[in-house]
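The lines below spell out each chain.
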Amino acid sequence: MAVTATPKIDARRLRADFPVFDRPIRGKPLAYLDSANSAQKPRQVLDAMHEFYAYSYANVHRAVYDLSERSTAAFEGAREKVRALINASSTREVIFTRNVTEALNLVAYSWGLANLGPGDVVVITELEHHANFVPWQQIARRTGAEFRAIPFDDQGELMLESLDELARQGQIKVVAANWISNTLGTINPIEKLTSWAHEQGAIMVVDAAQAVPHRSVDVQALGCDFLGFTSHKLCGPTGAGALWGRAELLESMEPFEMGGEMIRSVSVEETTWNELPYKFEAGTPAIAEAYGMGVAIDYLEAIGLEAIDAHERELVGYAMDRLAELPFVTVYGPPAERRAGILSFNVDGVHPHDVAQMLDFEGVAVRAGHHCTQPLVRRLGVSATTRASFYLYSLPEEVDRLVEGLRKAKDMLG
Ligand SMILES: Cc1ncc(COP(=O)(O)O)c(C=O)c1O
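Computed from a predicted model, the values in this text were never measured in an experiment.

Colleague: Got a minute to help me understand the sheet that holds strand β12 (residues 342–347) in this structure?
Modeller: Paired through their backbone hydrogen bonds, the strands of a sheet run either parallel or antiparallel. Taken in spatial order, the four strands line up as β11-β12-β15-β14 in an open sheet, and their pairing is antiparallel. Either end of the sheet is taken by a strand with one partner, and the two such strands are β11 (329–332) and β14 (367–369). The sheet shows a mean angle of 30° between the axes of neighbouring strands, direction not considered. By the bridge criterion, three bridges tie β14 to strand β15 (residues 385–389) in an arrangement that is antiparallel. The partner of Gly369 across the bridge, within β15, is Thr385. Taken strand by strand, helix α12 (residues 352–361) contacts β12, β14 and β15, and its axis lies near 165° from that of β14. Contacts from helix α14 (residues 396–413) reach β11, β12 and β15, with the element oriented near 20° to β12.

Colleague: Got a minute to help me understand the site of the ligand in this structure?
Modeller: Neighbouring the ligand are the residues Asn99, Val100, Thr101, His129, Ala131, Asn182, Asp207, Ala209, Gln210, Thr230, His232 and Lys233. At 3.4 Å from an oxygen atom of the ligand is found a side-chain nitrogen or oxygen belonging to His129. His232 places a side-chain nitrogen or oxygen 2.7 Å from an oxygen atom of the ligand. Split into classes, the residues belonging to the shell around the ligand amount to three nonpolar, seven polar and two charged.

Colleague: How should I be thinking about the pairing of strand β3 (residues 120–125) in this particular structure?
Modeller: Two faces, one strand: in a regular strand the side chains alternate between the faces of the sheet. With six of six residues buried, β3 is to be regarded as a mostly interior element. Judged by which residues are buried, β3 turns out to be covered on both faces: Asp120, Val122 and Ile124 on one side and Val121, Val123 and Thr125 on the other are all buried. Of the strand pairs in this sheet, β3 and strand β5 (residues 171–178) are connected by four bridges, and their pairing is parallel. Each residue of the ladder has a partner; that of Val123, found in β5, is Val175. As judged from the five bridges shared by β3 and strand β4 (residues 146–150), these two strands associate in the parallel manner. Bridged to Thr125 within β4 is Ile150. Regarding the hand of the β-α-β motif, the stretch spanning β3, helix α5 (residues 130–143) and β4 is right-handed.

Colleague: Looking at this model, I keep getting lost on the environment of Cys224. Mind explaining?
Modeller: Structurally, the position occupied by Cys224 is in the loop between α8 (219–222) and β7 (226–230). Take Cys224: its relative accessible area is 0%, and that puts it in the buried class. Between the C-alpha atom of Cys224 and that of Ala197, which follows or precedes it by 27 residues, the distance is 9.0 Å. Setting aside anything within four residues of it in sequence, one finds Cys224 in contact with Thr194, Met204, Val206, Val219, Trp244 and Arg246.

Colleague: So what exactly am I meant to see when it comes to the pattern of salt bridges here?
Modeller: When charged atoms on two side chains of opposite charge get close, those side chains can pair. The full count for this structure, using the stated rule, is 26 salt bridges. We note a salt bridge from Glu397 to Arg12, for which the minimum N-O separation is 2.5 Å. You can see Glu397 sitting in helix α14 and its partner Arg12 sitting in helix α1 (residues 11–15), a full 385 residues away along the chain. With a closest N to O distance of 3.1 Å, Asp120 and Lys173 form a salt bridge. Highlighted residues: Asp120 in strand β3 and Lys173 in strand β5, separated in sequence by 53 residues. A residue is classified by how much of its surface remains accessible, and Asp120, at 10% relative accessible area, is buried.

Colleague: Would you mind going over the packing of aromatic side chains with me for this structure?
Modeller: By convention here, two paired aromatic rings are described through the distance between centres and the angle between planes. In total, this model carries 13 aromatic pairs according to the counting rule given. Seen in terms of ring centroids, Phe18 and Tyr393 are 4.8 Å apart; in terms of plane orientation they differ by 65°. Their pairing is edge-to-face. You can see Phe18 sitting in the loop between α1 and β1 (31–32) and its partner Tyr393 sitting in the loop between β15 and α14, a full 375 residues away along the chain. Look at Phe18 and you get buried, because its relative accessible area is 0%. Centre to centre, the rings of Phe133 and Phe147 are 5.2 Å apart; their planes meet at 75°, and the pair counts as edge-to-face. One end of the pair, Phe133, is in helix α5; the other, Phe147, is in strand β4, and 14 residues separate them in sequence. Put simply, the rings of Phe18, Phe21, Tyr32, Tyr299, Tyr391 and Tyr393 touch in pairs and so form one group of aromatic residues. Geometry around Phe21 places Arg15 over its ring, the cationic atom sitting 3.9 Å from the centre. The residue whose ring lies beneath Arg379 is Phe152, and the NZ or CZ to ring-centre distance is 4.8 Å.

What counts as what
- Residues numbered from 1 in each chain as written.
- Predicted model: local features only at pLDDT ≥ 70, side-chain atom pairs only at ≥ 80, totals over all residues.
- Heavy atoms only, no water.
- Pairing = 2+ DSSP bridges.
- Helix = DSSP H or I, 4+ residues; strand = E, 2+ residues; numbered from the N terminus.
- Axes fitted to C-alpha atoms, helices over the stretch in contact; angles between N-to-C directions.
- Contact = heavy atoms within 4.5 Å.
- Near = heavy atom within 4 Å.
- Polar contact = N/O pair within 3.5 Å; in protein donor to acceptor, adjacent residues only side chain to side chain.
- Nonpolar A, V, L, I, M, F, W, Y, C, P; charged D, E, K, R; others polar.
- Buried < 20%, exposed > 50% of the residue type's maximum accessible area, 1.4 Å probe, protein only.
- Right-handed = clockwise from strand over helix to strand, strands pointing away.
- Salt bridge = Lys/Arg side-chain N within 4 Å of Asp/Glu carboxyl O.
- Phe/Tyr/Trp six-rings, centres within 6.5 Å; stacked < 30°, edge-to-face > 60°.
- Lys NZ or Arg CZ within 6 Å of the ring centre and 35° of its normal.

Structural measurements only, silent on function.
Structure (structure tokens):
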């Protein structure tokens, strides 16, 4: 029998691609443990965007001259890269957005306003980022639909036993869930939720902001109806993201924003819409940013998403072992073997913001707060946590520096 070894990455070598690590922070090498918030950018992306702006830039789709054609080819080339990354069946199903927040709002407004009403139920999870929570809550309110959350247990994992009770509360029309929790690192059973949503006759909307940068995603194999992600978390620029949706659903929906590019013809009497995906791309898009996202996708694929995932899981296991040495630290969420590279914790007697500040003095960058998941953090019984998160360039010695920084924080402030 053939044995396939888990692919490995050389994080130390990859780190050399990221200029940010060349400069000390507060006189110390940067330990960047905030990639769940936003990832750092490799030279490959920075240089390609510089070249693009310098020599290939013009507005897209609107002109026939060479520069515009080159710009359009780069922009549409990025769409094809997104399509291939998530194995969508057509670029018609790939809509460029500003970020995943806009992708999720697009679905909530365009699909939700037209398809929800009294007696319908929108189901989200208690683990949602506000980007997938608030739009659905507000659209449910506007349409008279019920809004319900799948709760999570003491290990930060969804309580699927609550699904039957939810199904009794009305006609479930939407299930919207993140694949990986940005606060706890919980890997949600997204395939199961998708099957359940379809059994109820509902659509399945996946917030894959923390999944697409870190693991292989195949929308056809998953079978969901919409999936969104954001470029800046996958080593690409800010200002770009993508929504994938089933063509038949996108065809049936009204545009989200209106203006240039998204029309076929306009007159005082009537306006008709452009074909997919342009129907959902009003105005001049973030051209260089979409292109940069495509370059970032190339960069990740050359490394291998499976290898990136394995690297982060190894690090999170190491980090959990090391944090277990600190009796004054409480770690939230599932055990290492069921968790992505995200770790939320608190230090007894020290506010998370003070912990983050102390770590910053040591050159360790982490995030403190509610991580745009107030219902989740409230359910944990705290007002905030400190969060460390890993990516392809993260190293075990950064975990060691985190642990030393936490000891100092406890000694000085606890
Ligand atoms: C799970 C999840 N969803 C949505 C978002 C929102 O991303 P953006 O601000 O790029 O739209 C984030 C960002 O932290 C996230 O982690």
